[in-house]
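Residue-level listing of the chains:
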Amino acid sequence: MVYALPRGGVPVAVEIARRLGLPLDLIMARKIGHPQQPEYAIGAVTETGEPVFNAEERQQLDADWLAARISAERAEARRRRELYCGGRARRSAHGQCAIIVDDGVATGLTLEAAIRELRGDHPARLIVAVGVAPPDTAQRFRAQVDDFVAVHVPAQFQGAVGAYFEDFHQLGDDDVLAQMRSLPAPPDVPS
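The structure contained in this document is the topic of the report that follows. (Residues numbered from 1 in each chain as written. Predicted model: local features only at pLDDT ≥ 70, side-chain atom pairs only at ≥ 80, totals over all residues. Heavy atoms only, no water.)

### Observations regarding the environment of Ile99
Structurally, the position occupied by Ile99 is in strand E6 (residues 97-102). For the pair Ile99 and Leu118, spaced 19 residues apart in sequence, the C-alpha to C-alpha distance is 9.8 Å. Other than its neighbours up to four places away in sequence, Ile99 contacts Met1, Val2, Tyr3, Leu20, Leu22, Ile127 and Ala129. (Helix = DSSP H or I, 4+ residues; strand = E, 2+ residues; numbered from the N terminus. Contact = heavy atoms within 4.5 Å.)

### Some details on the pattern of salt bridges
Within this structure, the stated rule accounts for 16 salt bridges. For the salt bridge of Asp173 with Arg7, the shortest nitrogen-to-oxygen distance reads 3.0 Å. Of this pair, Asp173 sits in helix H6 (residues 173-181) while Arg7 sits in the loop between strand E1 (2-4) and helix H1 (9-20), and the two are 166 residues apart along the sequence. The class of Arg7 is partly exposed, set by a relative accessible area of 23%. For Glu39, the salt bridge is made with Lys31, and the minimal N-O distance between the two is 3.3 Å. When its relative accessible area of 26% is taken as the criterion, Lys31 is described as partly exposed. Here the salt bridges do not stand alone but share partners, grouping Arg7, Glu76, Arg79, Arg80 and Asp173 into one network. (Salt bridge = Lys/Arg side-chain N within 4 Å of Asp/Glu carboxyl O. Buried < 20%, exposed > 50% of the residue type's maximum accessible area, 1.4 Å probe, protein only.)

### Structural notes on helix H4 (residues 109-119)
Among the eleven residues in H4, eight count as buried, and that is most of the element. All of the buried residues along H4 are Leu109, Leu111, Glu112, Ala113, Ala114, Ile115, Glu117 and Leu118.

### Focus on the environment of Ala41
As for its position among the elements, Ala41 is in strand E4 (residues 41-45). Judged by its relative accessible area of 7%, Ala41 is buried. Aside from chain neighbours lying at most four places away, what touches Ala41 is Lys31, Ile32, Gly33, Thr107 and Leu109.

Here it is, written out as structure tokens:
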């Protein structure tokens, strides 16, 4: 089973699922950005899983602000699940080889949230496939999953995944829907 992290991971995951002849599902992991720098991840959450945080950053945050951000990001994850998957629950990875796909990883917090959620399903194997990752982050994930594959692990990470792509435009909901429609309809499988 292939699981994409929307939005950027969807085009990559569609190609992997197509090439391997595997079903594709989505895992809705959402970044919690710093209050002064929203693009800087201080945490992440999935629809139902426990949030993960940069422990040092979390200690400096207002608890009410953080609770509100977690609630808002969970709501956005549910909105995306409804839109992209018609509200269908994520398919379980129980006993299967699960491949989590994203375009790249910087801090790794959204990926870690996705890994934790899928670990709860007790997959037979858990593989992560990304386009680019910093060396320290790649090493951290290699210890957490059965296999970690990155197309590029630069010696000096430039700080942003988009720096490694010729075209890194932001994908919208319509882009994700078009990508999902490009695959054959998955068989009905209990979630």
